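# Coordinates in review
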Amino acid sequence: MNPTDLENAPRVDCAVTAEGRVTFEVDLPEATAPQLLLRLRPKKGEPETTGHAVELVELPDSPGRWRAELGDNPRLDEGRWDAYLLPAADRPRQRLRPGQRDLRLLAPTAPDPVIGDDGTLRVRLPYPTKDGALAVRAWRRVGHAEAHRLEPGEHGLTVTGRLWGVEPGEGAAAVLRRRGKEGPERETPLTLDEDGGFSFTADYRELPVEPGAKAVWNVFVRPAGDARPVRVARLLDDVHDRKAIFVYPTSTLRGVAFWPYYTVDNDLSIEVTPES
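Residues numbered from 1 in each chain as written. Predicted model: local features only at pLDDT ≥ 70, side-chain atom pairs only at ≥ 80, totals over all residues. Heavy atoms only, no water.

Here the idea is plain: a probe the size of a water molecule rolls over the atoms and shows the empty space left. Considered as a void within the structure, the largest pocket measures approximately 770 Å³ in volume. As for the largest pocket, its lining consists of 36 residues, and the residues nearest its centre are Asp112, Pro113, Val114, Leu121 and Leu236. Every element with two or more residues in the lining of the largest pocket is listed here: strand S10 (120-128), strand S12 (144-152) and strand S13 (156-164). In terms of residues, the lining of the largest pocket owes the most to one element, S10, which gives six residues. (1 Å grid on protein atoms, 1.4 Å probe; cavity = no way out; pocket = protein on both sides within 12 Å on 5 of 7 lines; lining within 4 Å. Points joined across faces, edges and corners; volume = space filled by probe spheres on them. Helix = DSSP H or I, 4+ residues; strand = E, 2+ residues; numbered from the N terminus.)

Attention now moves to the pattern of salt bridges. Within the structure shown, the criterion is met by 24 salt bridges. Taking the shortest distance from any N to any O, the salt bridge between Arg65 and Asp27 comes out at 3.3 Å. Taken together, the positions of Arg65 in strand S6 (residues 65-70) and Asp27 in strand S2 (residues 22-27) put the pair 38 residues apart, joining distant regions of the chain. Classification of Asp27 as partly exposed rests on a relative accessible area of 46%. In this structure, the salt-bridge partner of Glu210 is Arg178, at a minimum N-O distance of 3.3 Å. Separated by 32 residues along the polypeptide, Glu210 in the loop between strand S17 (197-203) and strand S18 (215-222) and Arg178 in strand S14 (residues 173-178) bring together distant segments of the chain. A cluster of three or more residues bridged by salt bridges with shared partners is formed by Asp13, Arg21, Glu25, Asp27, Arg65, Arg67 and Glu69. (Salt bridge = Lys/Arg side-chain N within 4 Å of Asp/Glu carboxyl O. Buried < 20%, exposed > 50% of the residue type's maximum accessible area, 1.4 Å probe, protein only.)

Below, the discussion takes up the side chain of Ser251. Relative to the assigned elements, Ser251 resides in strand S20 (residues 251-253). Using a relative accessible area of 10% as the deciding quantity, one classes Ser251 as buried. Here the side chain of Ser251 touches Gly153 through a polar contact of 2.8 Å, landing on its backbone oxygen. If near-sequence neighbours (up to four positions away) are discounted, Ser251 is found in contact with Gly153, Glu154, Tyr204, Val256, Ala257 and Phe258. (Polar contact = N/O pair within 3.5 Å; in protein donor to acceptor, adjacent residues only side chain to side chain. Contact = heavy atoms within 4.5 Å.)

We now examine the confidence of the model for the protein chain. Of the residues in the protein chain, 97% have a pLDDT of 70 or more, and the chain-wide mean is 92. Per-element confidence in the protein chain is highest for S18, whose mean pLDDT is 98, and lowest for helix H1 (residues 3-7), whose mean pLDDT is 69. (pLDDT = per-residue confidence, 0-100.)

Let us now look at the packing of aromatic side chains. Each aromatic ring pair is summarised here by two numbers: the centre-to-centre distance and the angle between the ring planes. Throughout the structure, instances matching the rule amount to four aromatic pairs. Ring geometry for Tyr204 versus Phe258: centroids 4.8 Å apart, planes at 5°, classification stacked. Of this pair, Tyr204 sits in the loop between S17 and S18 while Phe258 sits in strand S21 (residues 256-262), and the two are 54 residues apart along the sequence. Of the residues examined, Phe258 reaches a relative accessible area of 3% and is grouped as buried. Above the plane of the ring of Phe246 lies Arg242, whose end atom (NZ or CZ) is 4.0 Å from the centre. One cation-aromatic arrangement involves Arg242 over Tyr262; the distance from NZ or CZ to the ring centre is 5.3 Å. (Phe/Tyr/Trp six-rings, centres within 6.5 Å; stacked < 30°, edge-to-face > 60°. Lys NZ or Arg CZ within 6 Å of the ring centre and 35° of its normal.)

With that out of the way, let us pick up the environment of Ser269. With respect to the element layout, Ser269 can be found in strand S22 (residues 268-274). Along the backbone, Ser269 and Arg231 are 38 residues apart, and their C-alpha atoms lie at a distance of 9.7 Å. In this view, Ser269 contacts Arg179, Val216, Trp217, Asn218, Val219, Arg231, Trp259, Pro260, Tyr261 and Thr263; residues no more than four positions away in its chain are not counted. Separated by 3.4 Å, the side chains of Ser269 and Arg179 make a polar contact. In this structure the side chain of Ser269 is engaged in a polar contact, spanning 3.0 Å, whose partner is the side chain of Arg231.

What follows deals with the sheet that holds S6. The five strands are arranged S5-S6-S2-S1-S9 in an open sheet whose pairing can be described as mixed. Lying at the two open borders of the sheet, with one neighbouring strand each, are strand S5 (57-58) and strand S9 (97-102). As paired strands, S2 and S6 are joined by six bridges and run antiparallel to one another. Within the sheet, the bridge partner assigned to Glu25 lies in S6 and is Arg67. (Pairing = 2+ DSSP bridges.)

See the structure below:
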């Protein structure tokens, strides 16, 4: 991106509502029929394939002030969506800059998240990219285990949280799955309450270690014995990228380092690194 282009880009004010909608407002005094374009950021080296145009409507009491709302539709796939302005049908798209971001409803006292009839949790969070442009981080989870508190200890990690979009039942457990094709799993007991709250302790000593081989164990909760495990993550606040912000201590046992961390998708994992 040309830095000069971004310097001249319009600023967009964003807010998240209690219903989980995202609003965008931007001053475009010369516009006639602008649109907000969201483009799913592709993997490195791959072309763009997915985009959604959202209508901008001029506010009747504020000429030149335009508003768009991201509600149930379009249903954004999970990923990072770069925001552009489409000034008119015959003009190229233009990057946008974030202005004010009102994310107060994503604070710890926020209302319960909106869960679809199919049990799907949809989270959309506007944020500034590293180069200062506007983007939207989207998550779409069929069932979700929201981590509230992590307590690293000498021999393990204690996690407390709450289930959303799934019904807890008999046979519930925490599941640690080693990343990689057909990686092994380890289960640990899970405590559930009637409101969907859960807690468990992942014992580092129960994770198999291969000498000299680093491994990552992804953390899940299986809500019931016959249910599909759902990923443990922290999605329901205003932090779009937790990995570099929430850094937890490493424990070393018998020459092996165990480090709990949030991934770039805000999912919970444990990195295991034997001494070389």
